[in-house]
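Inside the fold
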Amino acid sequence: MRYLPLTPEDRVEMLGAIGVKSIDDLFIDVPASAQRSGTVDLPPHAGEIEVEREMAGLARRNRAAGEGPFFCGAGAYRHHVPATVDHIIQRSEFLTSYTPYQPEIAQGTLQVLFEFQSQVAALTGMEVANASLYDGSTGAAEAVMMAQRVTRRNKAVMSGGVHPHYVETIETLAHAAGVMTQAMAPAIDAEDAVIAAIDADTACVVVQTPNVFGTVTDVTKIAEAAQAAGALLIVVTTEAVSYGLLKSPGEMGADIAVAEGQSIGNGLNFGGPYVGLFACKEKFVRQMPGRLCGETVDADGRRGFVLTLSTREQHIRRDKATSNICTNSGLCALAFSIHMSLLGETGLRQLAALNHQKALALRDALKAVPGVEILTPRFFNEFAIKLPKDAAEVVETLAGHGVIAGVPFSRLDAGAGLDDVLLVAATETTLDIDITFFAKILTKAVAQ
Amino acid sequence: MRFTKDHEWVIVQGDVATVGITAYAAEQLGDVVFVETPEAGKVVKQGEQLAVVESVKAASDVYAPVSGEVVEGNAELGDAPETVNALPESGGWFAKIKLSNPAEVDALMDRDAYEAFLSTL
Amino acid sequence: MSMNNVGRPTRPETANDAATGHETLTGGRGLLQDEALIFELDGWNKTGVDLPEAAAPSDDLAGLLRSGPIGLPGLSEPEAVRHYVRLSQKNHAIDLALYPLGSCTMKHNPRLNEKMARLPGFSDIHPLQPQSTVQGALQLMDRLAHWLKTLTGMPAVALTPKAGAHGEMCGMLAIRAAHEANGQGHRKTVLAPTSAHGTNPATAAFVGYTVVEIAQTEDGRVDMADLESKLGDHVAAIMVTNPNTCGLFERDVVEIARLTHAAGAYFYCDGANFNAIVGRVRPGDLGVDAMHINLHKTFSTPHGGGGPGAGPVVLSEALAPFAPTPWLVHGHDGFALVEHAGEEGAETAFGRMSAFHGQMGMYVRAYAYMLSHGADGLRQVAEDAVLNANYIKARLKDVMSPAFPDGPCMHEALFDDSWLEGTGVTTLDFAKAMIDEGFHPMTMYFPLVVHGAMLIEPTETESKQELDRFIEALRLLAGAAKTGDTERFKGAPFHAPLRRLDETLAARKPRLRWKPVAAAPLAAE
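As the structure is a prediction and not an experimental result, all values here were calculated from the model.

Basis of the calculations
Residues numbered from 1 in each chain as written. Chains lettered and ligands numbered in written order. Predicted model: local features only at pLDDT ≥ 70, side-chain atom pairs only at ≥ 80, totals over all residues. Helix = DSSP H or I, 4+ residues; strand = E, 2+ residues; numbered from the N terminus. Rg over C-alpha atoms; globule rule 2.2 N^0.38 Å. Buried ≥ 20, exposed ≤ 12 C-beta atoms within 10 Å, placed from the backbone. Contact = placed C-beta atoms within 7 Å. Pairing = 2+ DSSP bridges. Nonpolar A, V, L, I, M, F, W, Y, C, P; charged D, E, K, R; others polar. Core = buried A, V, L, I, M, F, W, Y, C linked by C-beta atoms within 7 Å. Axes fitted to C-alpha atoms, helices over the stretch in contact; angles between N-to-C directions. Parallel < 35°, antiparallel > 145°, perpendicular 65-115°, else oblique. Left-handed = near helix turned anticlockwise from the far one by under 90°. Expected span 1.5 Å × (residues − 1). pLDDT = per-residue confidence, 0-100.

1. A word on the overall build of chain A
Across its full length, chain A holds 13 helices and 13 strands. The globule rule puts the C-alpha radius of gyration for 448 residues at 22 Å, and the 25 Å found for chain A is close to it. Across its three principal directions, the C-alpha atoms of chain A cover 80 × 55 × 50 Å. Of all 448 residues assigned to chain A, the portion counted as buried reaches 64%. For chain A, long-range pairs separated by at least 24 residues make up 72% of all intrachain contacts whose partners lie at least 6 apart in sequence.

2. Considering the overall build of chain B
A tally of regular secondary structure across chain B gives five helices and nine strands. The N-to-C order of helical and strand elements in chain B reads β-β-β-α-β-β-β-β-β-α-α-β-α-α. Relative to the globule expectation of 14 Å for 121 residues, the C-alpha radius of gyration of chain B, 13 Å, shows essentially globular dimensions. Here chain B holds 121 residues, and 40% of them are scored as buried. For chain B, the proportion of contacts with a sequence separation of at least 24, taken over those separated by at least 6, is 65%.

3. Points about the pairing of strand β3 (residues 16-21) of chain B
All names here are of chain B. Two strands pair when backbone bridges link them, and strand β2 (residues 8-13) and β3 are joined in this way by six bridges, in the antiparallel orientation. Bridged to Q13 within β3 is V16. Where β3 lies against strand β9 (residues 95-99), four bridges are found, and the strand directions are antiparallel. Pairing of V16 across the sheet is with K98, part of β9.

4. A word on the interface of chain A and chain C
Contacts between the two partners involve 168 residues from chain A, matched on the other side by 176 residues from chain C. Looking at which element gives the most residues to the side of chain A that touches chain C, the answer is helix α10 (residues 330-367) of chain A, with 21 residues. In terms of residue class, the side of chain A that touches chain C is made up of 83 nonpolar, 53 polar and 32 charged.

5. Things to note about the nonpolar core
Nonpolar side chains in soluble globular proteins tend to end up buried together. Residues V144(A), I234(A) and A174(C) are the most contacted members of the largest nonpolar core, which totals 348 residues. For A174(C), the contacting residues outside a window of four places in its chain are A290(C), L315(C), L319(C), F322(C), A323(C) and F350(C).

6. Describing the sheet that holds strand β5 (residues 232-237) of chain A
Residues and elements named next belong to chain A. The strand order β1-β7-β6-β5-β4-β2-β3 describes an open sheet built from seven strands, whose pairing is mixed. Edge positions in the sheet fall to β1 (128-129) and β3 (180-183), since each has one partner strand and no second. Sheet topology places β5 next to strand β6 (residues 256-260); four bridges connect them, and they run parallel. Residue pairing in the sheet places V236 in a bridge with V258 of β6.

7. With respect to the sheet that holds strand β12 (residues 407-408) of chain A
Residue and element names in this part refer to chain A. Reading across from one edge, β10-β11-β13-β12 is the order of the four strands in this open sheet, with antiparallel pairing throughout. Only two strands of the sheet have a single partner each, and these edge strands are β10 (373-374) and β12. In this sheet, strand β13 (residues 421-425) lies alongside β12 in antiparallel orientation, the contact comprising two bridges. Within β13, the position partnered with V407 by the bridge is L423. Sitting on the sheet, α10 is in contact with β10, β11 (382-386) and β13, with an inclination near 10° to β11.

8. Describing the packing of helix α6 (residues 136-151) of chain A against helix α7 (residues 164-176) of chain A
Residues and elements named next belong to chain A. With their axes 8 Å apart at the nearest point, α6 and α7 run at an angle of 45° to one another. Classified by the angle their axes make, α6 and α7 are oblique. For the crossing formed where α6 meets α7, the hand is right-handed. Across from S137, T138, A140, A141, V144 and M145 in α6, the residues of α7 making contact are H165, Y166, T169, I170, L173 and A174.

9. Comments concerning the pairing of β6(A)
Residue and element names in this part refer to chain A. Across the five residues of β6, five count as buried, placing the element largely inside the fold. Here β6 shows two buried faces, one formed by I256, V258 and E260 and the other by A257 and A259. Two strands pair when backbone bridges link them, and β6 and strand β7 (residues 276-280) are joined in this way by five bridges, in the antiparallel orientation. Bridging from a neighbouring strand, E260 pairs with G276 of β7.

10. Looking at the environment of M14(A)
Looking at the secondary structure, you find M14(A) in helix α1 (residues 8-18). A C-alpha to C-alpha distance of 69 Å links M14(A) and T376(A), two positions 362 residues apart in sequence. Other than its neighbours up to four places away in sequence, M14(A) contacts L387(C), Y391(C) and K464(C).

11. Some details on the packing of α10(A) against helix α1 (residues 77-88) of chain C
At a minimum axis separation of 9 Å, α10(A) and α1(C) run at an interaxial angle of 150°. When the axes of α10(A) and α1(C) are compared, the pair comes out roughly antiparallel. Considering only the axes of α10(A) and α1(C), their crossing is right-handed. Of α1(C), the residues touching α10(A) (which contributes I338(A), S341(A) and L342(A)) are E77(C), A80(C) and Y84(C).

12. Examining helix α5 (residues 107-124) of chain A
Residue and element names in this part refer to chain A. Across its 18 residues, α5 extends 25 Å between first and last C-alpha, which sits within 8% of the 26 Å expected from 1.5 Å per residue. Buried residues dominate α5, accounting for 18 of its 18 residues. Looking at the residues trailing α5, positive phi occurs at G125, about 70°.

13. Re the confidence of the model for chain B
The predicted structure's coordinates, where accompanied by low pLDDT, should not be read in detail. Counting all residues, the mean pLDDT for chain B is 91, and 100% of those residues have values of 70 or more. Reported confidences for the modelled complex are a pTM of 0.95 and an ipTM of 0.97.

14. What about the environment of K393(C)?
Residues and elements named next belong to chain C. If you trace the backbone, K393 turns up in helix α9 (residues 360-396). Measuring from C-alpha to C-alpha, the distance between K393 and P408 comes to 8.9 Å, with 15 residues separating the pair along the chain. In this structure, K393 is in contact with P402, C409 and A413, ignoring residues within four places of it in sequence.

Rendered as C-alpha cells:
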C-alpha cells in the first residue's frame with residue numbers, strides 16, 4: 001500500500017519494542033462482540049491507474065459548466081479563476097497545515113487570514129470581519145444566532161428575497177436555539193416589506209441584495225427602521241463580485257454583513273466547499289462566531305499575527321461558546337484572498353462591470369423571445385424570467401440541446417406557485433454565442 | 001473586607017457594597033484581557049452571574065456575593081482590563097451593589113478565614 | 001604551465017568571526033523573507049488580471065452604485081506569486097515533518113486525490129443544474145455513502161454537514177427531532193465526559209440542551225456508576241468520543257450503549273478518532289445511534305490551514321428518518337435528490353444544514369482515498385496508526401510520564417507533566433522547544449482532565465525512521481529539561497520565523513484588520 005511506510009519487518013520490530021506479540025494485543029480493549037477478524041465487505045486496495053479510471057468514469061457522466069452555454073446562479077456562480085490561485089493553494093505549506101495553533105510556525109496562514117479579514121471588511125464596508133465560516137447559508141444562520149445574543153430577543157424576520165435554502169438553513173438552526181422565525185413569501189421586489197413586521201421582540205431582520213431573484217435594493221431605510229426598534233439588520237449577499245459595483249452593506253447601515261464568497265477564487269464544486277464571509281460592526285466583535293486573527297508582536301518586538309479573542313470559542317467556552325464551530329474554510333479563504341489580491345480594486349470593478357454588461361446582453365436577447373417576460377426590475381448579473389411553461393421542463397428540454405438554462409425557482413421552493421419562473425445568470429465567462437444560442441433554443445422550446 | 005469561596009470580595013460602606021475578585025483569583029486567571037461589568041439597575045441575587053472576566057486562555061463568570069441592585073459598574077475596566085491584575089482588591093473593582101439583604105455580608109468569610117480556605121486548595 | 005589563480009574560494013574561511021554577521025542589516029534571514037502586508041505594497045492601482053473593458057452600468061442601477069474607493073490593493077501576477085510563496089515558507093506542514101497534533105489526525109494527503117477533485121466533471125458542476133446532467137456526481141455520493149455505511153456498520157448516512165462540529169449539530173438535531181416525534185420532547189439533558197472535545201458541550205448547548213458531565217475513572221474511561229446514576233427520563237443523549245480523547249478505547253462501550261438505550265436516550269459518538277479503528281471495528285456493532293466522521297481526519301482530505309472539512313453523520317434506523325435534506329435516492333431514471341423537508345422520502349427530515357449538497361470537493365478526495373486503500377488497506381491504516389502510537393509511548397515512557405501507563409493506547413499517546421516537576425519547564429515550554437528541533441508540537445493542555453497534557457498522534461503515514469528521529473529528539477529534550485538546561489525551553493523557539501507571540505496584547509487591544517490610517521506599531525507593555 002503506497003501510503004503506508006511501515007514494512008512487515010518494521011512492524012515486528014516495533015511490536016517487540018512495545019512488548020507484545022501481535023497487533024491484536026493492542027486492540028484488547030475492544031469488546032469481543034465487536035472484534036472483526038477479516039476485512040469489511042468492500043473491494044481491496046487499488047493503484048493510481050485503477051483509481052483514476054474509476055474516477056474519470058464518474059466525472060465523465062457530468063456536464064461541466066465550461067463545456068457550453070451555462071446560465072445557473074442562485075447562490076453559486078461560475079467565474080474564471082486565475083491559474084495562479086490553484087497553484088498557490090496546492091503548496092504544501094498551505095494545503096497540509098493545520099489550524100494555526102502554534103503561531104511561531106504558522107505565520108503564513110495567519111498573515112493570509114489577517115489580509116483576508118481586511119479585504120472582507122473593505123468589500124462589505126464593515127468595521128471587522130472574521131476568518132471565514134463554512135459558507136454563506138451557515139453564515140446567515142450564525143448571524144441570526146449572534147443577533148439573538150446581542151439583543152437578547154428571540155425573533156428573526158426574513159424577507160421574501162432571501163434565498164429559500166438560506167431560509168431553510170436559518171430556520172433549522174434557529175428553531176433548535178429557540179429563535180422564532182418569520183419568513184415572508186417569496187417576492188421579487190419587496191425587501192422593504194420586512195419593516196412592517198418589526199416589533200419589540202425582533203432580534204434581527206434578514207434581507208438579501210442582490211436577492212434570490214437578482215433584484216438590487218438599497219436597504220438603508222430598512223436599517224434605520226430596524227435600529228430604531230432595537231433590532232439588527234443582517235444583509236445577505238450570495239454573489240460577492242457584486243461588491244465591486246454596488247453599494248456595500250456597510251454604506252447602507254447593516255449591522256452584520258454575510259456573503260457567500262465562492263465567486264471569488266473558488267470553483268462551483270457541486271455546492272462545496274465554499275467560503276462564508278462574515279463582517280459586523282466593531283462593537284459586536286465579542287459576540288461574533290468563528291475564528292479571528294489579530295496583530296501582535298513577538299518576544300523580539302517583531303510584528304506577528306495570532307488567533308485572538310478565543311474565549312468566544314468552543315474549545316475554551318465549551319457550552320457557553322458563541323458557536324460550536326471548530327473548522328472553518330481556511331483554504332477557500334486563501335483562494336478568495338489570492339484572487340482578490342490579483343484583481344485588486346481595479347480588476348474587481350472591471351469584473352463586476354463586465355458581469356453586469358453580460359447580464360444586460362442576456363436580458364436583451366431573452367426579452368426578444370416570444371412569451372418570455374423579464375421579472376427583475378434592476379439586477380447585477382442575474383435575473384428572473386417568466387416562461388409560458390413549467391420552467392423545470394424547459395430546463396430539461398434545453399439540457400437535451402446542450403444548454404444549461406438556469407435554475408427553475410421551483411427547485412428552490414416547490415410550494416411558492418412560481419413554477420414558471422426561471423433564474424438566469426451571466427458572468428464574464430458567458431460568451432456572446434452562448435447567449436444567442438440560448439435565445440434561439442428557448443424560442444423553439446417555448447413555442448412547442 | 002469579606003470573601004466568598006468563589007474568590008469574590010466585598011467592602012460595605014453604608015448600604016452599598018463594592019465587589020471585585022481577589023488577588024488570588026486574578027493571579028490564577030493570568031493576564032485579564034476583557035471584563036464585562038453589569039449596568040446600573042440590574043438586580044442580582046446572591047450567587048447569580050454578575051460579570052464576566054476573560055484572560056487569554058479562559059472566560060469566567062463572576063457571581064454576585066450579595067443580593068441587591070447594581071448602582072454602578074466599573075466602566076474603566078472596559079479600556080483597561082489590566083487593572084484587575086494590577087489592583088485586584090482596589091481599583092479593579094467590578095460593581096457597586098445597593099444591598100437588599102445586609103445580613104448576607106456577615107455570613108461571608110473574613111480575611112483569616114479566606115486565607116485558611118486558600119491553604120486547603 | 002600557465003597559472004590561473006583567479007576565481008572564488010571553494011572552502012569556508014575558518015577565520016570568520018562567529019560573533020559577527022548574525023544580525024543582518026535588513027532583517028532578512030537568507031531564504032526566510034520578511035514580507036509586508038498586501039496593503040503595504042503600494043498596489044492601489046495595480047491588477048494581476050487582464051479583462052476586456054466593460055461599458056458603464058445601466059441606468060436601472062442609478063443610486064445603487066458604490067461610491068468612493070473600496071480600499072483594496074492589487075498585485076501583478078509575479079508580485080502575487082512571490083507574496084504568497086514567501087508567506088508559505090513561514091508555515092509548518094505535514095509535507096515537511098511529523099505533525100503529531102493529538103485528536104487532529106495529521107496524516108499524509110495524497111496528491112492523486114487533489115488531481116481527481118480537479119476533474120472538470122467534479123469541480124465545474126453547479127449544485128442546481130439539472131440532475132440528469134450530474135448523474136456521475138450523484139453516483140459518487142452514493143458510493144461514498146456505501147463505503148461509510150459499510151465501514152461503520154450503520155444503515156444510513158447524512159452527507160451534508162460541512163465539518164465535524166457541523167456533523168455533531170446534525171446528529172444532535174436528529175436526536176432532538178426523534179425525541180419530539182416520539183413524545184419525548186421533555187428530555188433536555190445531555191451527558192458528556194469531562195474529557196470531551198469542547199465542540200460536544202458547545203453543540204449540545206446550541207441545540208438547546210443542558211450538559212451534565214460524567215466523571216472519569218482512574219484509568220481514563222467513563223465512570224459507569226456515575227453514568228448510571230445520571231441517566232434517567234430527563235436525558236436525551238450521551239455524547240461519548242470513542243476511542244476517547246485520552247487515546248483509549250472505552251472498554252464498556254457496549255454496556256454504555258445498553259444503559260443509554262434502556263434509559264430511553266440515544267448514543268451520540270464523536271467519531272473524531274475513527275482513524276484508530278477504521279476497517280477493524282464497526283461503531284454500529286457497539287450500539288451507536290449517530291456518529292460524525294471527519295473526512296479531513298480519517299479519510300485524509302487536506303486540513304488546509306483550518307478547513308474546509310467535511311463531517312458526514314452515520315445514523316441508526318431510529319434516527320435515519322429525521323436526517324436533513326438533501327437526501328439521495330435511487331429514482332426511476334437514475335439517482336435523484338430529495339431536496340426539501342416534507343417531500344416524499346423526506347417527510348420527517350428535521351431541516352437543512354446548508355444551502356447545497358455539502359462538501360463535494362471533499363467527497364471526491366475521500367472516495368479516491370478509500371478506493372486506493374481498499375478494505376485491506378483501511379484496516380492496515382488503523383493497525384499502523386495504533387502501532388505507531390504505542391511505539392512512541394513505549395520508547396518514551398522511561399523519560400516522560402504516560403498519563404495511563406497500564407495497557408495499550410489506541411492511535412495517540414497521552415503524557416502528563418509530572419515528569420517535568422521541579423525542572424522549571426512547563427508543557428508549553430517543552431512544546432516550543434520542539435519547534436526548534438524541527439517538529440510541530442503535540443496537542444497541549446487537552447484533554448483537560450490530565451495535568452499539563454501532551455497528546456501525541458503520529459498517524460500511520462510516518463515511517464519507523466521518522467518516528468525514531470522524533471523519539472530521539474524528545475528524549476534529548478527531556479534530558480535537557482531534567483539537567484537544568486532551562487534556557488533552551490524558556491525562550492524557545494529561537495529558530496522559528498518568529499519568537500513567542502504576545503497573545504495578551506492581541507486580546508487586550510484587538511487589531512483585526514489593516515487600516516488606511518497608519519496606527520503606531522504595537523509594542524509589548
